[in-house]
Amino acid sequence: MLLMKLETKEKFCFLRLAHYLARIDSDYGEKEHEIIEEYCVEMGIENEEIFDVDNFDLQDTLKCFKSTKSKKIVMLELMILIHADDSFDFKEKELIEDINSTFGFSKRDMSYYSQWGKAVASLYEQGQLLIEED
């Protein structure tokens with residue numbers, strides 16, 4: 001819903017960032033895969049199934065997001081991904097803190113973004129259960 005507001009280049013940067021976040025804890029699970037697929041559908045772009053974590057440059061990727069609005073969208077959507085598996089791993093937390101040190105949001109804002117992401121992840125899971133075929 002929010003990702004459509006990103007510019008084309010930002011969408012591809014976001015996808016790489018999401019892949020990096022999903023793999024940072026060495027546990028790229030089914031829920032994370034589903035959410036990344038949903039991100040791609042929403043943004044109208046192809047998923048990069050092959051992602052090279054070793055060649056990912058966080059700071060270079062974060063430079064793609066120029067406006068405050070884009071940065072907020074990135075943080076909100078990443079929080080959904082973080083909370084998708086009901087586990088906020090230390091490496092994920094560290095990465096979010098690194099991203100925020102570049103973006104510069106307050107601790108209060110980050111708390112709100114995290115709460116929002118947790119709620120959306122929960123609603124997404126509920127929706128998946130409701131549409132599941134018997």
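Scroll up to find the structure this text is about.
The structure displayed is predicted, hence computed values, not measured ones.

The rules we used
- Residues numbered from 1 in each chain as written.
- Predicted model: local features only at pLDDT ≥ 70, side-chain atom pairs only at ≥ 80, totals over all residues.
- Heavy atoms only, no water.
- Phe/Tyr/Trp six-rings, centres within 6.5 Å; stacked < 30°, edge-to-face > 60°.
- Helix = DSSP H or I, 4+ residues; strand = E, 2+ residues; numbered from the N terminus.
- Buried < 20%, exposed > 50% of the residue type's maximum accessible area, 1.4 Å probe, protein only.
- Lys NZ or Arg CZ within 6 Å of the ring centre and 35° of its normal.

**A few points about the packing of aromatic side chains**
In step 1: Within this structure, the stated rule accounts for six aromatic pairs.
In step 2: Measuring from centroid to centroid gives 4.3 Å for Tyr-20 and Phe-56, while their planes differ by 20°, and the two rings are stacked. Remark: Phe-56 occurs in the loop between helix H2 (30-43) and helix H3 (58-62) and Tyr-20 occurs in helix H1 (residues 8-23); sequence separation between them is 36 residues. Here the two residues Tyr-20 and Phe-56 agree in accessibility, since each one is buried.
In step 3: A ring pair is formed by Phe-105 and Tyr-113, whose centres lie 5.4 Å apart and whose planes are at 90°; its orientation type is edge-to-face. Considered together, Phe-105 and Tyr-113 belong to a single accessibility category, that of buried residues.
In step 4: Members of the aromatic cluster, connected to one another through ring pairs, are Phe-65, Phe-103, Phe-105 and Tyr-113.
In step 5: Stacked on the ring of Tyr-28, the Lys or Arg Arg-23 has its end atom at 3.9 Å from the ring centre.

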